[in-house]
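Chain by chain, the residues run as shown.
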Amino acid sequence: MTTYSQASWTDEDAERYEPLLSEKASERVDIEDSPLPEELTRDSLELPAPAEPELARHYTRLSQMNYGVESGPFPLGSCTMKYNPSFTEDVAALPAAAVHPDRPDRTVQGTLGLSHRLQEYLGRIGGMDAVTLQPPAGAAGEFTGIRIAKAHHRHNDDERSEVVIPDSAHGTNFATAAMAGYDVVELPSGEDGRVDIDALDAAVGEETAALMLTNPNTLGLFERDIERIADIVHDAGGLLYYDGANLNALLGRARPGDMGFDVMHYNVHKTFATPHGGGGPGAGPVGVTEGLAPFLPDPHVRRTDGGYEYYRPDHSIGKVHGYYGNWPVLVKTFAYIARLGDSGLADASAKAVLNANYLAEQVPYEVPFGPFHHEFVASAGEQDAADVAKGMLDHGVHPPTTKWPEIVDEALMTEPTEGESRRSLDQLAAAFEAVHSEDDGTLASAPRRTAAGRIDQVSAARSPRLSWQALDSDD
Amino acid sequence: MSFDVPDDHRYLESHEWVRTDDDTARVGITDFAQDELGDVVFVELPAEGDDLTAGEGFGVVESIKAVSDIYAPVSGTVTAVNEALFDRPELVNEDPFGEGWMLDVTLADESELDDLLGADAYRDRIA
Amino acid sequence: MTSPYAPHTDAETEAMLDAVGVDDIEALFDVPQSVAFDGEFGIPEHGEREVRREAAGLLGRNDDLTEFLGRGHYTHYVPSVVDDLSSRSEFLTSYTQYQPEVAQGFLQALFEYQSMLVELTGLDVANCSMYDEATALGEAATLAQRVRSVSGETILVPDHLREGKREVLANYADGPGLAIESYPMADGQTDVDALAGTIDGDVAMVYAETPTVRGVIEERLADVGALADDHDALFCLGSDPVALALLERPADVGADVVVGDAASLGTGTAYGFGLGMFVTRETYLRQVPGRLVGASEDSEGRRAYTLTLQTREQHIRKERATSNICTNQSWVALRTAIHAAWLGPDGLVDLAEDCVTRPRDLAARFDDVTGVQAPVHDGHHFREFVARTDRPARAVVEDLAAAGYAVHAVGEHLIQVSATEVTAEAEDGLVGAITEVVK
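Quick notes on the rules
Residues numbered from 1 in each chain as written. Chains lettered and ligands numbered in written order. Predicted model: local features only at pLDDT ≥ 70, side-chain atom pairs only at ≥ 80, totals over all residues. Heavy atoms only, no water. Patch = residues over 30% accessible without salt bridge, like charges linked within 9 Å, V, L, I, M, F, W, Y side chains within 5 Å. Areas by Shrake-Rupley, 256 points an atom, 1.4 Å probe, with all protein chains shown as cover. Salt bridge = Lys/Arg side-chain N within 4 Å of Asp/Glu carboxyl O. Helix = DSSP H or I, 4+ residues; strand = E, 2+ residues; numbered from the N terminus. Contact = heavy atoms within 4.5 Å. Buried area = accessible area lost by both parts, 1.4 Å probe. Domains from an automatic or database assignment. Polar contact = N/O pair within 3.5 Å; in protein donor to acceptor, adjacent residues only side chain to side chain. Nonpolar A, V, L, I, M, F, W, Y, C, P; charged D, E, K, R; others polar. Phe/Tyr/Trp six-rings, centres within 6.5 Å; stacked < 30°, edge-to-face > 60°. Buried < 20%, exposed > 50% of the residue type's maximum accessible area, 1.4 Å probe, protein only. Lys NZ or Arg CZ within 6 Å of the ring centre and 35° of its normal. Arc of directions from axis to C-beta. Pairing = 2+ DSSP bridges. Axes fitted to C-alpha atoms, helices over the stretch in contact; angles between N-to-C directions. Right-handed = clockwise from strand over helix to strand, strands pointing away.

A.B. asks: Where do I start with a nonpolar patch on the surface in this structure?
C.D. replies: On the surface, C:Tyr77, C:Trp342 and C:Val422 cluster together into a nonpolar patch covering about 270 Å² of accessible area. You can see C:Tyr77 is positioned in the loop between strand E1 (66-67) and helix H3 (80-86).

See below:
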């Protein structure tokens, strides 16, 4: 069993860990003799003013009180926390990549050329005819895709009011549909955890703008009836939207375009190993079939004689990001795909699926649905899944996603990714095993080896203190 | 686990209670409901003078991980709001039928009470 | 090849397949034959060094120009500690802080970032990021629509607004049925009298920017705020952290929401890669989009941090969430916070003052050139200014590019020049080049 203790500093008064920057070195400067008239300036500014050595130590300590993929296993289901190859950082940091977005096309042919290459690669990987790189994250990709669907229906004078979404889908799907002005029709899952065809038939109709589907779904199950599902949606005049969150399960085995999907987003952090940066940035390119290409965001890159240019697609939905999206993340995506190529990408999916299946064999918890692919959802049964997660933290692993999807009781949604070796999967399994045999009282007081102990979520929400100013005003 | 289900209240399937005193009805959520939700961190209620319609949502109660609509057991005009809940939402957990009450409303149609569950029926509902 | 980032040896793969009970990995894919893919992507594999060369070769086709460009995407000198510290893998390769006990470091860094924005704006609540300024503006519009006391359905924006930003806003506004209308600008600033004539009870939100897209510092923001307030509309102000270090506090001019690009600190030129600021009043706390980090206590009774008020967010509230945003720009926010702390208030104010004097001085030098009048606008400038050229602007911009300099063409005879400390040494060259090309 691996023993683990996260670094932690406790302040001498023992009331806090690493002090806030503002508690270390705060300084107020008065704005005087500025080059602006006094009535246009603020009076003063108070901010931390640490010397560089203090600053370096502060953030180094904070980093040590944080856990990343390079710290240990990170089987957070649905989030695909795979290893992020270092070299992609260097590619994104190439000086030639750092250009201003308002440069004329002909002076940034390199940027357009790389973008075009990435559009092509993603199109082939997803089986899509055209791809925009502009959406800055997966959820932004969803929004872009559903806006495209809306523009398509409007263009046909066929305004529709509903988007159909399975109950096991990511919360973003529901929120995206609502943001785009649609009513959400929630589709109950069938007994096998997949789309219930009869329920789908009943839910889909002339108001259906789109069905948003994740395949394999959040239980890791492939929607075997995908062709029938596509027919039902298309026959009703709706579009089929592919949530690319789980594409890491299928590279080289199946493509959304071949399954009948009309529009999809790619989560580049999940499928193409760009680092998640503690919450972002991501990128959410969107692929569409030829018929939807005229609705893509403005601008889109195309080839010209001997070069590349931006153009506005005929019925473009306009822009979804102020410029061209999260460019450095796109460069990392390009680098990863170019490194692996066809066979490497296919192997990544193979190992991701193998790892999930191997780990599922070792865990002491029941896995109610299958056959699954890159992730599985176990049930903590009589244990509280959230407590199981806290217990696992003490074993030097990041826990799975908990209590979701809700169709599994006390869900432990586990996605080891291809990046874990057999040995680290065994370490993970041992952590599951250890927690499985712990009593509720022990688990309720976990974790004990992390930088901080169990954090009181209730008081954080009952009296929100969201800045150091709010802390001061309480004292 | 056994939950408090006072005999002199009437209940909605969705776990709200109503207790009448002359033509005023007091409304809250049940002991079972607060237990299901867990620690309540936020309660959103209508203002005095707002009208409720039986069966329709009038507010929201939130825990850390869940949000629940609260439905009106009866129709009527809000005459009092339990403002203590804004600072101390935990009262809903601690005393759901007492200090954790939510609204007083004037009872517009007494016959609506007949559509609600009695204590025994509600006990069966949560059994 | 096999993925270089999957550690399995062949023997391990075999042993694992045995444990699972299948002979072949392909047997684990439950994909019906009719939709199975048996083709090729046609993407060749490369060694790491080859990819670096390939990308460098592709990007090498970008012309090497000294950029005097701004209009929303700005570059300041980013100190080395920002790259160094933010690249620590515990930050870079971590996820959203759903398990706060192992993520105290990032949570605290985001809490500090939020606090810095609170200080800069004078408002109460900052979220820990949106994608960029344009999407933050879109989110502000939908917030205005959700806030019950605001009844209108029109979003008023300056007619100088960048077209791209307006289009992003339009995409956000369409769902809730909001209309976007413009109010006129006069001499690079809000025409407050014209705004007074335009605004009515149907307006949900008024948006203004300082500095404006023309680089002019707005002088009557308090009047804009009062007009919005009189009409029961929200006042949303666009700015950036450097400008806010010196200019009037948004809270003091009646701003209800502040949006903007905060990546001007912490991230250099990156083709529009941004960091959306979103700061608002406590009144709208429950309507804030995106993630919030709050302080709490742990089981030891010590102060600790956690994501909070998550019931606003998509993973809990689904179609009733305040936004669909999930992945945001946390790591960019970390960089901004490190940069701001490195500068300290003195350094930040100095930088902001430089943003006032530098364009002023450079505009004066432009004005001395025959065939150029600068600045076109009368007011105070921040980072950039507009100049009039006797020759058509397009020709001027092209000829400047040929000489190695990039500036904006913003009208038939108008160019825009953005100048920060990073191009300080190139200013003489630019002035020389403009002197030549306007002849």
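A.B. asks: In this structure, what is going on with the interface of chain A and chain C? I would like to understand it.
C.D. replies: When the parts of a complex come together, some accessible area is lost, and that lost area is often used as the size of the interface. Between chain A and chain C, the contact holds 200 residues from the first and 166 residues from the second. Together chain A and chain C conceal approximately 15,700 Å² of surface at their shared face, both sides included; 60% is due to carbon and sulfur atoms. Interface area lost by chain A to chain C is led by A:Arg42, A:Arg339 and A:Leu466, which between them contribute 5%. Counting across the chain A and chain C interface gives 15 salt bridges. The closest approach of N and O atoms between A:Arg312 and C:Glu167, which form a salt bridge, is 2.9 Å.

A.B. asks: Honestly, the domain arrangement of chain A in this entry has me stumped. Any pointers?
C.D. replies: Residue and element names in this part refer to chain A. Each assigned domain of chain A is listed with its residue range as follows: domain 1 (87-339) and domain 2 (347-451). Each of domain 1 and domain 2 has a C-alpha centre, and these two points are 29 Å apart. Residue-level contacts link 25 residues of domain 1 with 20 residues of domain 2. In total, about 1,600 Å² of surface goes out of reach between domain 1 and domain 2, with carbon and sulfur atoms giving 58% of it. Taken together, domain 1 and domain 2 are joined by zero salt bridges. Where domain 1 meets domain 2, there are five residue pairs in polar contact (both at pLDDT 80 or more). Residues that form the side of domain 1 that touches domain 2 fall into these classes: ten nonpolar, nine polar and six charged.

A.B. asks: Help me out: how do you make sense of the packing of aromatic side chains in this one?
C.D. replies: In this description, a pair of aromatic rings is defined by centroid distance and the angle of the planes. Applying the stated rule across the entire model yields 22 aromatic pairs over all chains. Between A:Tyr67 and A:Phe74 the ring centres are 5.6 Å apart and the planes differ by 55 degrees, which places this aromatic pair in the tilted class. The exposure class of A:Tyr67 is buried, given its relative accessible area of 4%. In this structure an aromatic cluster arises from ring pairing among A:Tyr83, A:Phe272, A:Tyr336 and C:Tyr5. Above the face of the A:Tyr311 ring, A:Arg302 is positioned so that its terminal group lies 4.0 Å from the ring centre. For C:Arg286, the ring lying beneath its charged end belongs to B:Phe42, and the centroid distance is 3.4 Å.

A.B. asks: Is there a simple way to explain helix H14 (residues 427-437) of chain C in this structure?
C.D. replies: Each turn of an α-helix holds 3.6 residues, which means side chains three or four residues apart point in the same direction. All names here are of chain C. Taken together, the buried positions of H14 are Glu427, Leu430, Val431, Ala433, Ile434 and Val437. The arc enclosing the buried residues of H14, seen along the axis, measures out at 165 degrees, which places them on a common side. Residues of H14 that are buried in the fold lie against helix H12 (330-367), strand E13 (372-373), helix H13 (393-402), strand E15 (405-406) and strand E17 (414-418).

A.B. asks: Would you mind going over the interface of chain C and chain B with me for this structure?
C.D. replies: With six residues of chain C at the contact, the number on the chain B side is ten residues. For the pair chain C and chain B, the summed buried surface comes to about 700 Å²; carbon and sulfur atoms form 43% of the total. For chain C, the biggest contributors to the area lost against chain B are C:Arg286, C:Thr311 and C:Arg317; these three give 56% of the whole. Joining chain C to chain B, the criterion identifies three salt bridges. Here C:Arg317 and B:Glu62 are joined by a salt bridge, their closest N and O atoms 3.0 Å apart. Scanning the region where chain C abuts chain B turns up three residue pairs in polar contact (both at pLDDT 80 or more).

A.B. asks: Got a minute to help me understand the sheet that holds strand E5 (residues 183-187) of chain A in this structure?
C.D. replies: Within a sheet, neighbouring strands are paired by backbone hydrogen bonds and run either parallel or antiparallel to one another. Residue and element names in this part refer to chain A. One open sheet accounts for seven strands, arranged E3-E9-E8-E7-E6-E4-E5; its pairing is mixed. Since the sheet does not close on itself, it has two edges, and those belong to strand E3 (130-132) and E5, each with one partner. When strand polarity is set aside, the average angle formed by the axes of neighbouring strands in this sheet is 25 degrees. In the packing of helix H5 (residues 138-155) onto the sheet, the strands contacted are strand E6 (208-214), strand E7 (239-244), strand E8 (263-266) and strand E9 (286-288), and the crossing angle to E7 comes to about 170 degrees.

A.B. asks: Before we go on, may I ask you to explain the pairing of E7(A) in this structure?
C.D. replies: Looking along a regular strand, one sees side chains alternate from face to face of the sheet. Residues and elements named next belong to chain A. Taken across its six residues, E7 has six buried, putting it largely inside the fold. Of the two faces of E7, both are covered, the one formed by Leu239, Tyr241 and Asp243 as well as the one formed by Leu240, Tyr242 and Gly244. Here five bridges tie E6 to E7, and the two strands are oriented parallel to one another. Residue pairing in the sheet places leucine 213 in a bridge with tyrosine 242 of E7. Read from E6 through helix H8 (residues 226-235) to E7, the crossover connection turns out right-handed. Summarising the sheet, E7 and E8 pair through four bridges and their orientation is parallel. Each bridged residue has a counterpart across the sheet, and for glycine 244 the counterpart in E8 is tyrosine 266.

A.B. asks: Would you mind showing me how to read the pattern of salt bridges here?
C.D. replies: Here the idea is simple: oppositely charged side chains can pair when their charged atoms come close. The full count for this structure, using the stated rule, is 58 salt bridges over all chains. Where C:Asp83 meets C:Arg335, a salt bridge forms, and the shortest distance between an N and an O atom there is 2.9 Å. Within this pair, whereas C:Asp83 is found in helix H3, its partner C:Arg335 is found in helix H12, the two being separated by 252 residues in sequence. With relative accessibility at 44%, the residue C:Asp83 sits in the partly exposed group. Judged by relative accessible area, C:Arg335 falls into the buried class, the value being 8%. In this structure, C:Arg365 engages C:Asp428 in a salt bridge whose closest nitrogen and oxygen atoms are separated by 2.9 Å. Of this pair, C:Arg365 sits in helix H12 while C:Asp428 sits in helix H14, placing them 63 residues apart in sequence. You can call C:Arg365 partly exposed: its relative accessible area is 33%. Each of A:Arg147, A:Lys150, A:Arg154, A:Glu159 and C:Asp174 takes part in salt bridges that share partners, so that together they form one network.

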